[in-house]
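Read off the chains here:
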Amino acid sequence: MKKRIKDLADQGVPDFKDDIKSSDTYLTFMAERQSETRSWRFNPNKAFSGLAAAMVILLAFILFPTQETSTQSSTLYFEINPSFMIELDDADTVSDVDGLNPDGNAIVDTSMIGTPFEDAMDTLIDNALDNDLIDTERSDLLYDVLSENDELKDRHLALVESKLSDIQESKLPSMTMHRGIGGAPTEAEQEIVDTYDIGLMHARLIGRIMSEDETKTIEDLVDKSMPELMNELDEGMMPGQNNGPRHPFDDEDFPPRGGDNGGPPHE
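Read on for an overview of the structure.

Definitions and limits used
- Residues numbered from 1 in each chain as written.
- Predicted model: local features only at pLDDT ≥ 70, side-chain atom pairs only at ≥ 80, totals over all residues.
- Heavy atoms only, no water.
- Helix = DSSP H or I, 4+ residues; strand = E, 2+ residues; numbered from the N terminus.
- Buried < 20%, exposed > 50% of the residue type's maximum accessible area, 1.4 Å probe, protein only.
- Contact = heavy atoms within 4.5 Å.
- Areas by Shrake-Rupley, 256 points an atom, 1.4 Å probe, with all protein chains shown as cover.
- Polar contact = N/O pair within 3.5 Å; in protein donor to acceptor, adjacent residues only side chain to side chain.
- Core = buried A, V, L, I, M, F, W, Y, C linked by side-chain atoms within 4.5 Å.
- Pairing = 2+ DSSP bridges.
- Salt bridge = Lys/Arg side-chain N within 4 Å of Asp/Glu carboxyl O.

Moving on, we come to the overall build of the protein. Within the protein, the regular secondary structure consists of 11 helices and five strands. The buried share of the protein, taken over its 267 residues, is 34%. Within the protein, contacts between residues separated by at least 24 positions form 57% of all contacts whose residues are at least 6 apart in sequence. About 16,600 Å² of surface is accessible on the protein, with carbon and sulfur atoms providing 51% of the total.

Turning our eyes to something else, we now look at the environment of Tyr196. Among the structural elements, Tyr196 can be located in helix α8 (residues 187–196). Taking the C-alpha atoms as reference, Tyr196 lies 7.7 Å from Val222; in sequence the two are 26 residues apart. Apart from residues no more than four positions distant in its own chain, Tyr196 is found in contact with Ile218, Glu219 and Val222. Within polar-contact distance, the side chain of Tyr196 engages the side chain of Glu219 at 2.6 Å.

To continue, consider the nonpolar core. Note that soluble globular proteins tend to have their nonpolar side chains buried in a common cluster. Of all hydrophobic cores here, the largest spans 28 residues; its most connected members are Leu76, Phe78, Ile86, Phe117, Met121, Val160 and Leu164. For this core, the secondary structure elements donating two or more residues are β1 (73–79), β2 (83–89), β3 (94–99), α6 (117–130), β4 (140–146) and α7 (150–170). Tallying contributions element by element places α6 first for this core, with six residues. Setting aside chain neighbours within four positions, we find Ile86 in contact with Ser74, Thr75, Leu76, Phe78, Val94, Asp96, Val97, Phe117, Met121 and Leu124. Among the nonpolar cores identified, the runner-up in size contains 21 residues, and Leu146, Leu200, Ile206 and Met226 belong to it.

Turning to the pairing of β1, a few remarks are in order. With respect to burial, β1 is a largely interior element, six of its seven residues being buried. Pairing of β1 with β2 involves seven bridges; the strand directions are antiparallel. When the sheet's bridge partners are listed, Phe78 is paired in β2 with Phe84. Between β1 and β2, which pair antiparallel in sequence order, lie three residues; one of them, Asn81, sits at a positive phi of approximately 75°.

Attention shifts here to the pattern of salt bridges. Note on pairing: side chains with opposite charge can pair once their charged atoms come close. With the rule as written, the count across this model stands at nine salt bridges. Close ionic contact of Lys171 with Asp126 constitutes a salt bridge, the shortest N to O distance being 2.9 Å. On the criterion of sequence distance, the pair formed by Lys171 in the loop between α7 and β5 (176–179) and Asp126 in helix α6 is long-range, its members being 45 residues apart. Take Asp126: its relative accessible area is 29%, and that puts it in the partly exposed class. We note a salt bridge from Asp144 to Arg179, for which the minimum N-O separation is 2.6 Å. Pair noted here: Asp144 is in strand β4 and Arg179 is in strand β5, with a separation of 35 residues, a long-range link.

Right, dumping it as structure tokens:
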């Protein structure tokens, strides 16, 4: 009888757990818990992608350091029978050196690349003296500095003039020094250089004089010394300036500007 009464009671009493499980509050709570569990669950694909990205960043720091590297440089031109060019970076270190005529080719050495400017200049002058390519009794040197960075150009110009003064004092006391006009030659200029067997800056100095005095010819000037040629120039028309008359050897502005005509404008 007791068992019968219990069975009937169970049938008449509702299951409160089922009611709770079917309620909106319970269902919302369980959905949120399942979402949180899934967000913390390990995903091998995402983990691998994250690791790969971290490795790429690490390799980038190793292979490509983040410190800034400067590409600023100046081009230095020298003409003292041997004609040569030195590329100088902003640490005053030689990044390139090249001869601009046969005598210049005879004295340059790629081992100078990476050395301080002063050391390379000493080596070039010593090589020229050892090979009797400089007249120690009468030597005239033209020089110039070109750079797209005006501040760097001024600093390297001062460096060049200081070093040339040291060379004059210690090795070539009879040497005269003058600021010329550097840069690669135009076709017309190269023809004059080859025809008269003179340096490019020498030819440009003659051209500047002829621009001032139309009665002058190349033949009148080609055998004159540098001091004599400098005396031919009007006051304020030194060849290192780019505010003079047009070049008599070309239809283009003088000195040549940009591209194949010798790099940045000369100022």
